[in-house]
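Coordinate inspection notes
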Amino acid sequence: MPVAATADSHATLSPTRRLDPAAAAIELKDVSFAYDTRLILRGITMTVPRGKIVAIMGASGSGKTTILRLIGGQLRPKKGKVLVGGQSVADLEPDALYALRRKFGMLFQFGALFTDMTVFENIAFPMREHTDLPESMIRDLVLMKLNAVGLRGAAQLMPSELSGGMGRRVALARAIALDPMLVMYDEPFAGLDPISLAIVGQLIRRLNDALGITSIVVTHDVYESLKMVDYLYFVSEGKIVASGTPAEVRASSDPFVRQFVDGQPDGPVRFHYPAPPYHRALLANVE
Amino acid sequence: MSSEATGDLVLVLRRLGGTVTGGVARLGYMARFLGAILWYTPMALRRLHLTVREIYFSGVLSLVIILMSGLFVGMVLSLQGYEVLRRYSAQEQLGIVVALSLVKELGPVIGGLLFASRAGSAITAEIGLMKATEQLSAMEMMAVDPIARVVAPRFWAGVISMPLLAALFSAFGIFGGYLIGVRVIGIDAGAFWGQMQAGVNFWPDITNGIIKSIVFGAAVSLIAVIEGYDAKPTAEGVSSATTRTVVVSSLAILALDFVLTVFMFRGVGL
Amino acid sequence: MNRAAIDLWVGVFVAIGLGAILFLALKVGNLLTLDRTPSYRVEANFDNIGGLKLRSPVKAAGVVVGRVESIRLDPKTYAAVVTMRLDRDYEFSKDTIASINTSGLLGEVYVGLDAGGDTAMLKDGDHIGKTQSAVVIEKLISQFLFDKAAQGGAGK
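A few points on the structure.

Quick notes on the rules
- Residues numbered from 1 in each chain as written.
- Chains lettered and ligands numbered in written order.
- Predicted model: local features only at pLDDT ≥ 70, side-chain atom pairs only at ≥ 80, totals over all residues.
- Heavy atoms only, no water.
- Helix = DSSP H or I, 4+ residues; strand = E, 2+ residues; numbered from the N terminus.
- Contact = heavy atoms within 4.5 Å.
- Areas by Shrake-Rupley, 256 points an atom, 1.4 Å probe, with all protein chains shown as cover.
- Lys, Arg positive; Asp, Glu negative; His and termini not counted.
- Charge placed at Lys NZ, Arg CZ, Asp CG, Glu CD.
- Buried < 20%, exposed > 50% of the residue type's maximum accessible area, 1.4 Å probe, protein only.
- Pairing = 2+ DSSP bridges.
- Buried area = accessible area lost by both parts, 1.4 Å probe.
- Salt bridge = Lys/Arg side-chain N within 4 Å of Asp/Glu carboxyl O.
- Polar contact = N/O pair within 3.5 Å; in protein donor to acceptor, adjacent residues only side chain to side chain.
- Nonpolar A, V, L, I, M, F, W, Y, C, P; charged D, E, K, R; others polar.
- Patch = residues over 30% accessible without salt bridge, like charges linked within 9 Å, V, L, I, M, F, W, Y side chains within 5 Å.
- 1 Å grid on protein atoms, 1.4 Å probe; cavity = no way out; pocket = protein on both sides within 12 Å on 5 of 7 lines; lining within 4 Å.
- Points joined across faces, edges and corners; volume = space filled by probe spheres on them.
- Axes fitted to C-alpha atoms, helices over the stretch in contact; angles between N-to-C directions.
- Parallel < 35°, antiparallel > 145°, perpendicular 65-115°, else oblique.
- Left-handed = near helix turned anticlockwise from the far one by under 90°.
- Phe/Tyr/Trp six-rings, centres within 6.5 Å; stacked < 30°, edge-to-face > 60°.
- Lys NZ or Arg CZ within 6 Å of the ring centre and 35° of its normal.

**Looking at the overall build of chain A**
When its secondary structure is counted, chain A shows eleven helices and ten strands. Projecting the C-alpha coordinates of chain A onto the three principal axes gives extents of approximately 75 × 45 × 45 Å. In chain A, once contacts between residues fewer than 6 apart in sequence are set aside, the share between residues at least 24 apart is 65%. Total accessible area computed for chain A in this model is approximately 14,000 Å², and 56% of it derives from carbon and sulfur atoms. Charge-centre separation for chain A: the mean point of 31 positive side chains lies 3 Å from the mean point of 29 negative side chains.

Set out below in structure tokens:
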């Protein structure tokens, strides 16, 4: 699918090309988070509309994955609110939180497939845990999900026998096993060869549209995300520094966005780790 | 000079205090973790095959090392015991010496130490690796509690396997003692078994050994699952957690053995 | 490894493990040697039971015929009340003497029964009237010394 076509097809769905908060599946309102005293997120506000793919981009260690964990309720914000379907995740009772998580799918950075189960059992796992479906129906459902990612033939392999890209696709099939309303992707492209990368990117888009899912993609892969997402947020040092549709991002003159998109080694994100001036460090030896 | 010494003393005291409070906090944490395991036990037992699978990994796969060690320990006990008993012309008491030391002490303790290094370390490594590869997080995000699905079956498998392994260790040890004492040294078989039966009581000697092995099994499994669950999610984190499991659970076995022995055997004659 | 094979192995493991416990209980210990055989209880009072313990053997002519079941102190007479469980196969006359003995100088302590000539036999719950308490070596020695001293005094 050509890049422009993707963007245009969405222009018809949301004429203003702005995100409408009323249709929001996920909302973060002024969310801050810290591990002990180390501040990870400071005042993040973002909206993820229903049925869209939103990318959260940023350098490694900028707090992107933390945002996913806040949405999943594995962490609680120090300040602000994380709303999923209007409910504050942090205020849910454990049972309600677990009920909510059943509507979530998550693709972890390296797949996080259960190494002691076959591909088939990995995908059947959430079905066996949360439903009382008969074995024959589980079999049909698993094969259907595997077929969607093109790996029906790999059902009886162990995760250790899969290549990186195949593992990611199996994990994707597992993430959509229970037909979730929201799928979160944590670095879905990390460590993939260009072909697998394109396959996974295309799958995310296709599954999103076919199943009516809302998707959040955390990544630092600019080219792949520009091809497939509806909206991008740029996170740096725990803050949102820029956001926009793919077309806006391409046209943006914001220095951070430019550094990120063009892959410049130095810019708003410094090449040097904070240090006293070089000449002083060199002279320290002389004294 | 003296203020420096005082400073050192304060530092030592502070470190000591920190160690003590840290240890107490650790105990509290373990108790809470055990509480969580027990809470999820009914849920874990509903899928019995998970526990059965873990019994395979911690029990069945430990069989060879347990049986071999039991046999050798029994044979050595028999040789050493014979050396001592001969001085008092009490060779026919060899059966009691071998059986009592195995059933009351060596079966549970050495069995427990072997279990810690064979099965305990494997449990820690497995759970630690699941954590490092985000499998536990993935489970949580699928609304499945890892304590119910991963931790509880491994804990109960240890509690079930350990007494069986300890009994097998003792039984093979006694068989080893019989081989050396009767077959090699030539003590009368009737005296060997007869003296043993007269001197070893099912209650309390054997039952106390079984109680010990259940306690050790619970302690080793608890330490192993906690170390795995708390491991730093890196390669070094998992490997150091594995080492810690073996060290901590070995010390725990020996300390618990002392405590249990004090409680159990002192009052027998009353 | 599939589930059926694991089930089989675990089944084998549990079976031989329980077998080992059974072996310890029956072949190594004495779980069934006495408790199963029909038996009856008799009581005896002793001034001193020495090192007698629960489950110490009860012997007649060196043959084990029962075990000590309970030991308590009578708060009125300050005598030790020892309850013994005797094998139903062995009957003893009413005037049997029970004594506390030690096998060898340092061996185990046991209750010895010496049958008398009475034709009436002890029944369940009966009391043995004639007993001989444990020999306390310290008392023997002090008595011996006292006697010697007394003899010496008389000889002068």
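**With respect to the pairing of strand E9 (residues 231-236) of chain A**
Residues and elements named next belong to chain A. Counting buried positions over the six residues of E9 gives six, a clear majority of the element. Across the two faces of E9 the burial is the same, with Tyr-231, Tyr-233 and Val-235 and Leu-232, Phe-234 and Ser-236 all buried. Sheet topology note: the strand E3 (residues 53-57)/E9 ladder contains four bridges and is parallel. Within E9, the position partnered with Ile-56 by the bridge is Tyr-233. In the sheet, E9 pairs with strand E10 (residues 239-244) via five bridges, with the strands oriented antiparallel.

**Overview of the interface of chain C and chain B**
The partner chain B presents 31 residues to the 27 residues of chain C that form the contact. Summing both partners gives a buried area of about 2,500 Å² for chain C against chain B, and 78% of it is carried by carbon and sulfur. On the chain C side of the contact with chain B, Phe13(C), Leu24(C) and Val28(C) bury the most area, a combined 26% of that side's loss. Where chain C touches chain B, the interface holds zero salt bridges. Viewed at the interface, chain B and chain C are joined by two residue pairs in polar contact (both at pLDDT 80 or more). For the side of chain C that touches chain B, the leading source of residues is helix H1 (residues 3-28) of chain C, giving 18 residues. Of the residues that constitute the side of chain C that touches chain B, the class distribution is 17 nonpolar, four polar and six charged.

**Some words on a nonpolar patch on the surface**
Residues and elements named next belong to chain C. Taken together, the side chains of Val-135, Ile-137, Leu-140, Ile-141, Phe-144 and Leu-145 make up a nonpolar region of the molecular surface, amounting to roughly 600 Å² of accessible area. Checked against the element boundaries, Val-135 lands in the loop between strand E8 (130-132) and helix H2 (137-155). By relative accessible area, Val-135 is classed as exposed at 57%.

**Focus: the layout of surface pockets**
Of the pockets and cavities examined, the largest pocket occupies roughly 1,600 Å³. For the largest pocket, the lining is made up of 49 residues, of which Gln74(A), Tyr98(A), Arg101(A), Leu136(B) and Glu140(B) are closest to its centre. The leading source of residues in the lining of the largest pocket is helix H1 (residues 2-46) of chain B, at six residues.

**Here we look at the packing of helix H2 (residues 48-58) of chain B against helix H6 (residues 146-185) of chain B**
Residue and element names in this part refer to chain B. One can describe the packing of H2 onto H6 by two numbers: an axis separation of 8 Å at closest approach and a directional angle of 50 degrees. Here H6 runs oblique to H2, going by the angle between their axes. The crossing of H2 and H6 is right-handed. Contacts between H2 and H6 involve Leu-50, Thr-51, Glu-54, Ile-55 and Ser-58 from the first element and Arg-149, Pro-153, Arg-154, Trp-156, Ala-157, Gly-158, Ile-160, Ser-161 and Leu-165 from the second. A breakdown of the residues in the contact of H2 with H6 according to their chemical character gives seven nonpolar, four polar and three charged.

**Quick word on helix H4 (residues 119-130) of chain A**
Across the twelve residues that make up H4(A), a large majority, ten, are buried. For H4(A), every residue scored as buried is listed here: Val119(A), Phe120(A), Asn122(A), Ile123(A), Ala124(A), Phe125(A), Pro126(A), Met127(A), Glu129(A) and His130(A). Its buried side turned inward, H4(A) meets helix H5 (135-148) and helix H6 (164-175) of chain A together with helix H5 (135-141) and H6 of chain B.

**Digging into empty space enclosed by the protein**
Under the definition given, this model contains three cavities of 30 Å³ or more. Approximately 120 Å³ is the volume attributed to the second largest cavity. Taken together, 15 residues line the second largest cavity, and the ones lying closest to its centre are Phe104(A), Gly105(A), Arg174(A), Ala175(A) and Met142(B). Mapped by element, the contributors of at least two residues to the lining of the second largest cavity are strand E6 (104-107), H4 and H6 of chain A together with H5 of chain B. A total of three residues in the lining of the second largest cavity trace back to one element, the largest contributor, which is E6(A). Partitioned by chemical class, the residues of the lining of the second largest cavity number ten nonpolar, two polar and three charged.

**Examining the packing of aromatic side chains**
In total, this model carries 15 aromatic pairs over all chains according to the counting rule given. Grouping aromatic residues by their ring pairs yields a cluster made of Phe175(B), Tyr178(B), Phe192(B), Trp193(B) and Phe23(C). Over the ring of Phe114(A) we find Arg174(A), and its NZ or CZ is 4.6 Å from the ring centre. Lys59(C) extends its terminal NZ or CZ atom over the ring of Tyr110(C), reaching a point 4.6 Å from the ring centre.

**Considerations on the interface of chain A and chain B**
Many authors give the size of an interface as the accessible area that is lost as the parts come together. On the side of chain B, 16 residues touch chain A, which itself brings 24 residues to the contact. Taking both partners together, chain A and chain B bury about 1,800 Å²; carbon and sulfur atoms supply 54% of that area. Linking chain A with chain B are four salt bridges, by the criterion used here. A salt bridge links Glu134(B) to Arg69(A); its shortest N-O distance comes to 3.0 Å. Across the contact surface, chain A and chain B share eleven residue pairs in polar contact (both at pLDDT 80 or more).

**Quick look at the sheet that holds strand E7 (residues 126-128) of chain C**
Residues and elements named next belong to chain C. Reading across the sheet, the eight strands line up as E7-E1-E4-E3-E2-E6-E5-E8 and stay open at both edges, with mixed pairing between neighbours. Lying at the two open borders of the sheet, with one neighbouring strand each, are E7 and E8. Neighbouring strand axes in the sheet, compared pairwise and without regard to direction, differ in orientation by 30 degrees on average.

**Some words on the pattern of salt bridges**
Pairing between side chains of opposite charge can happen when their charged atoms approach one another. Across all of its chains, the model carries 27 salt bridges over all chains by this definition. With a closest N to O distance of 2.6 Å, Lys145(A) and Asp179(A) form a salt bridge. Of this pair, Lys145(A) sits in helix H5 while Asp179(A) sits in the loop between H6 and strand E7 (182-186); the two residues are 34 residues apart in sequence, bridging distant segments of the chain. Residue Lys212(B) is joined to Asp257(B) by a salt bridge in which the shortest nitrogen-to-oxygen separation is 2.8 Å.

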